[in-house]
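One letter stands for each residue in the lines below.
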Amino acid sequence: LFLNLWRVSFCKFPAIRRDLALVVNKDVLAVALENAVQNAAAPQVIAWNIFDVYTGKGIADEQKSVALSLTLQDATRTLEDAEVNGMVDAIVASLQEAVGAVLR
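All values derive from a computational prediction rather than experimental measurement.

Observations regarding the side chain of Ser94
Tracing the backbone through its elements, the reader meets Ser94 in helix H2 (residues 81–99). Here the side chain of Ser94 touches Ala36 through a polar contact of 2.7 Å, landing on its backbone oxygen. Leave out the neighbours within four places in its chain, and Ser94 touches Ala36, Asn39 and Ala40.

Looking at the pattern of salt bridges
Enumeration over the complete set of coordinates arrives at three salt bridges. Two residues, Asp81 and Arg18, come together in a salt bridge whose shortest N-O distance is 3.5 Å. Linking Asp81 in helix H2 with Arg18 in strand E2 (residues 16–25), this pair joins segments that are 63 residues apart in sequence. By relative accessible area, which is 52% here, Asp81 ends up exposed. The partner of Arg77 in a salt bridge is Glu83, and the shortest N-O contact between them spans 2.8 Å. Judged by relative accessible area, which is 24%, Glu83 ranks as partly exposed.

Comments concerning the packing of helix H1 (residues 30–40) against H2
Contact pair H1 / H2: the axes reach a minimum separation of 8 Å and the direction vectors enclose 135 degrees. Here H1 is positioned oblique relative to H2, judged by the angle of their axes. When the axes of H1 and H2 are compared, the crossing they make is right-handed. Here Ala32, Leu33, Ala36, Val37, Asn39 and Ala40 of H1 come into contact with H2, specifically with Ala90, Ile91, Ser94, Leu95, Ala98 and Val99. The residue makeup of the contact of H1 with H2, split by class, is 10 nonpolar, two polar and no charged.

Description of H2
In this model, H2 (19 residues) spans 26 Å end to end at C-alpha, consistent with the 27 Å of a helix rising 1.5 Å per residue. Looking at H2, one finds that the buried residues are Val84, Met87, Val88, Ile91, Val92, Ser94, Leu95 and Val99. Down the axis of H2, the sector holding all buried residues measures 160 degrees, keeping them to one side. For H2, the exposed residues set more than 90 degrees away from the buried face come down to Ala82, Asp89 and Glu97. Against the buried residues of H2 lie E2, H1, strand E3 (45–54), strand E4 (63–72) and strand E5 (102–103).

Thoughts on the side chain of Lys64
Topologically, Lys64 is positioned in strand E4. The charged side chain of Lys64 is buried without a salt bridge, its nearest counter-charge being Asp27 at 7.1 Å. Reaching out from Lys64, the side chain makes a polar contact with the backbone oxygen of Val28 at a distance of 2.8 Å. If we skip the residues at most four places from it in the chain, Lys64 touches Leu22, Val23, Val24, Asn25, Lys26, Val28, Val53, Tyr54, Thr55 and Ile59.

So, the environment of Arg18
Its relative accessible area of 22% is what places Arg18 among the partly exposed residues. It is 9.2 Å that separates the C-alpha atoms of Arg18 and Asn85, two residues lying 67 residues apart in sequence.

Criteria and thresholds
- Residues numbered from 1 in each chain as written.
- Predicted model: local features only at pLDDT ≥ 70, side-chain atom pairs only at ≥ 80, totals over all residues.
- Heavy atoms only, no water.
- Helix = DSSP H or I, 4+ residues; strand = E, 2+ residues; numbered from the N terminus.
- Polar contact = N/O pair within 3.5 Å; in protein donor to acceptor, adjacent residues only side chain to side chain.
- Contact = heavy atoms within 4.5 Å.
- Salt bridge = Lys/Arg side-chain N within 4 Å of Asp/Glu carboxyl O.
- Buried < 20%, exposed > 50% of the residue type's maximum accessible area, 1.4 Å probe, protein only.
- Axes fitted to C-alpha atoms, helices over the stretch in contact; angles between N-to-C directions.
- Parallel < 35°, antiparallel > 145°, perpendicular 65-115°, else oblique.
- Left-handed = near helix turned anticlockwise from the far one by under 90°.
- Nonpolar A, V, L, I, M, F, W, Y, C, P; charged D, E, K, R; others polar.
- Expected span 1.5 Å × (residues − 1).
- Arc of directions from axis to C-beta.
- Lys, Arg positive; Asp, Glu negative; His and termini not counted.

What follows is the structure, given as structure tokens:
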């Protein structure tokens, strides 16, 4: 599985983790997902990784389900839910545009 840690540091403010389950075509590579996440990610996205890939019941034969974990943190303050939701929405939109990802 693909792991990408952009910045790892110690911070007194809490990190927030959001998981996304996306359906993409089987031929979509991890690097395409990485590019889409990086293109949309705010500086507060400190890490992300793919933690599951599923094919089978409930997923079309030409598709796969990919589960992404996003870790967001600001070094100067606690992030609020509304701004985290906005960052995640931007990442989802980038994934939809770049690779045709659909939230599962």
